[in-house]
Amino acid sequence: MFADLTDRQWLWGAAGFYLVGLLLGTASLLRGGRTSGAAIYGAILAGYLLQFIGLGLRGHAAGGCPLGNRFEIFQFTAWSAITLYLVVGVTFRSSVLGYFTSCLGAVLTVLSLSIPSWDAVRRTHIFGGNRWIELHAALAMFSYGVFGLLALASALFLLRHFSLKSKRVGGWFSFLPSIMDLDHIEVRLLGAGVAILTAALAFGSVYWSRDTATVGHVKLAATVAVWAAYCAAFGLRIAGRLLARRFAWTCLALFAAALLSLQAVDASRHPGAPPVLERSPP
Amino acid sequence: MSELCLFVIGASHHQAPLEVRERLALVSEEALRADLAAMPGLREFAVLNTCNRVEFYGVGAEGEAPASVQAAYCARQRFDAAEFERIRFRLTGRDAALHLFEVASGIDSQLLGENEIFGQVKEAYDAARSLGSTGAVLNRVFQRAFQAAKHVRTHTGISSGRVSVANVAVELACNIFGSLAGARVLVLGTGEIGEGTARAFRSRGAADLAIAGRRAERAAVVASGLGAGIMRFEERDSRLADYDIVVCSTSAPGAVLGTAAIAAAMRRRPARPLLLIDMAVPRDVESSAADLQNVFLYNLEDLARIADENRSAREAEVGRCKAMLALRADGLWTQVKPHLSAADIVPGTPRRDAAGQAASP
């Protein structure tokens, strides 16, 4: 029975579980109780496994990491963020972070599944059998997942900061982690994201240096700009020049810019050698 | 031959003012337990004795057992029987079980939703069980009460938020710093409220505490009592950057911490937030300090308002808690009732435990 399911059906199943996590958290918050960390974690884990299968089927069909169109990029970014949450999220001891992670997973997956044009055409064998460039792309997308989680932590920081400054600490706000805990999470996530993106660009630069014509100027500029901006934010934070609310807003703005840059990256992929295009199955 | 009943008889803060409760508190609990253990017609019993209530839960001959327990208590406590009759309450059957559920959940407490009562009920039950004075009925009723109490505390907001000013201050600090183990706390002023707040911080894990008062001798006494360090009051501006939390409660006529001094301190520690708790009237901290980045300023009015909001939020949950507990009490009662009506009591019959073994009186 499950063998007949298409990759998109698996991915819909994953989106369903992320939505369940989101609804569970919302319901318990509206009831005024604590969010059930275990239930949300279970829903995210189930969604993650289904997404893993769906993306695995895609990857098998594409002959590499499934990053052939905007739909796959969004799916892979959500999967990366959730991978990181499942690995390190429990140490944050915050069911609210789980709630927001399920929110991010649900938004990215449902959005990408709901816009058929994003998945109407997809490139296959986009890495031309080159494992290094495939690693570059996978790491780059994984770093975007990390930055997605960083954006979530930053949003939580801003909410907590707002609650404390406006002296409204009861109700929903009482479930937020502390300012310092969120700040530590942000710094660690930013450091991890910068390191992964740097590694991704290092692998990519080896490939690019052999044949500079393979990468379009727009993609190159967008990628380097995102990397440089995150590096600058990290440097300023470590130097104590970008702190608290400004730091959180910066992380949010950078993630929005990073998502927008994906369009430029996607549009200018392999200008020199047009990839093989195929129609996605309905 | 009488029919068995589950009952509770006692008096609490609802009926008895403080001066009466002082006389109600059991002075010789063990002697009274011995009296009750020897009482014919009383199958099972447990005694709950706290600063706000004295309650006797029992299973025994309907009508006779509650009256005998009341008489034994008044005699042992030397409490006027007529006065006790005026202030006491008596509940039987499902209502008695529901009362215990509400007590264990904290919704019958003077400080609504407080947690301490849960431990006190548990201690009362453990004491009764170790004495062998509980049996099939009370064991089930108490265990269900603990489950019910945990359920409502987990699934409602009856225990959420702090309702005293000192604890609200500590909770705010936790919202900023998480664990207080690494936070450095400075208390400016040596009044009762400052000392009480410092104690609250200490009890929540704040290890690094310093006291500064305008009267050095008094500051030394307070610091010694708290196991805290002493700082000279005049150094408050220059050493402000060393602290994460500053509690102000001086009786100075004007501000003792100015915005300029706080801004200067923040320039030396930009990455760490500063929590200022101003409990003084007139205020000790210039109000414009609240606009500084990474500075969180709360005055006494703010703390009192948050405590009031938390109290109101708890009160709003009472109806939901009562409904949850009533459902559980109904469920329990349908299980317990057949045991009571099937087991008529003959005066002098020894109590039996849950396994049906004769228990020593």
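A quick note: this is a predicted structure, and the numbers were derived from the prediction, not measured.

Quick notes on the rules
- Residues numbered from 1 in each chain as written.
- Chains lettered and ligands numbered in written order.
- Predicted model: local features only at pLDDT ≥ 70, side-chain atom pairs only at ≥ 80, totals over all residues.
- Heavy atoms only, no water.
- Helix = DSSP H or I, 4+ residues; strand = E, 2+ residues; numbered from the N terminus.
- Rg over C-alpha atoms; globule rule 2.2 N^0.38 Å.
- Buried < 20%, exposed > 50% of the residue type's maximum accessible area, 1.4 Å probe, protein only.
- Contact = heavy atoms within 4.5 Å.
- Lys, Arg positive; Asp, Glu negative; His and termini not counted.
- Charge placed at Lys NZ, Arg CZ, Asp CG, Glu CD.
- Domains from an automatic or database assignment.
- Buried area = accessible area lost by both parts, 1.4 Å probe.
- Salt bridge = Lys/Arg side-chain N within 4 Å of Asp/Glu carboxyl O.
- Nonpolar A, V, L, I, M, F, W, Y, C, P; charged D, E, K, R; others polar.
- Axes fitted to C-alpha atoms, helices over the stretch in contact; angles between N-to-C directions.
- Left-handed = near helix turned anticlockwise from the far one by under 90°.
- Pairing = 2+ DSSP bridges.

(A) Expanded view of the overall build of chain B. Scanning chain B from N- to C-terminus turns up 12 helices and 10 strands. Its C-alpha atoms give chain B a radius of gyration of 26 Å, more than 25% over the compact-globule value 21 Å for 361 residues. With the C-alpha coordinates aligned to their principal axes, the bounding extent of chain B is approximately 85 × 40 × 35 Å. The buried share of chain B, taken over its 361 residues, is 53%. Within chain B, counting contacts between residues at least 6 apart in sequence, those at least 24 apart form 73% of the total. For chain B, the separation between the mean place of its 42 positive charges and that of its 43 negative charges on side chains is 4 Å.

(B) The domain arrangement of chain B, seen in detail. Partitioning chain B into domains gives domain 1 (4-159 + 312-344) and domain 2 (165-308). Here the C-alpha centroids of domain 1 of chain B and domain 2 of chain B sit 43 Å apart.

(C) Spotlight on the interface of chain A and chain B. Contacts between chain A and chain B engage 18 residues on the former and 24 residues on the latter. When the two sides are added together, the surface that chain A and chain B hide from each other amounts to roughly 1,800 Å², 53% of it contributed by carbon and sulfur. Joining chain A to chain B, the criterion identifies one salt bridge. Residue assignment for the side of chain A that touches chain B shows that the elements contributing at least two residues are α5 (131-165), α6 (179-210) and α8 (244-267) of chain A. With five residues, α5(A) is the single largest residue contributor to the side of chain A that touches chain B. Class assignment of the residues belonging to the side of chain A that touches chain B gives a composition of seven nonpolar, four polar and seven charged.

(D) Structural view of the packing of helix α2 (residues 29-37) of chain B against helix α3 (residues 64-77) of chain B. Residues and elements named next belong to chain B. Contact pair α2 / α3: the axes reach a minimum separation of 10 Å and the direction vectors enclose 150 degrees. For the pair α2 and α3, the sense of crossing is right-handed. For the pair α2 and α3, contact is made by A31, L32, D35 and L36 and by V69, A72, Y73 and R76, respectively. Looking at side-chain class alone, the contact of α2 with α3 contains six nonpolar, no polar and two charged residues.

(E) View of the sheet that holds strand β2 (residues 42-49) of chain B. Residues and elements named next belong to chain B. The strand order across the open sheet formed by four strands is β2-β3-β1-β4, and the pairing between neighbours is antiparallel. Two strands lie at the open edges of the sheet, namely β2 and β4 (89-92), each paired on one side alone. Along the sheet, successive strands turn relative to each other by an average axial angle of 15 degrees, direction set aside. Pairing of strand β1 (residues 4-12) with strand β3 (residues 53-61) involves nine bridges; the strand directions are antiparallel. Directly across from C5, in β3, lies its bridge partner G60. Sheet strands touched by helix α6 (residues 116-131): β2 and β3. Its angle to β2, the strand with the most contacts, is close to 145 degrees.

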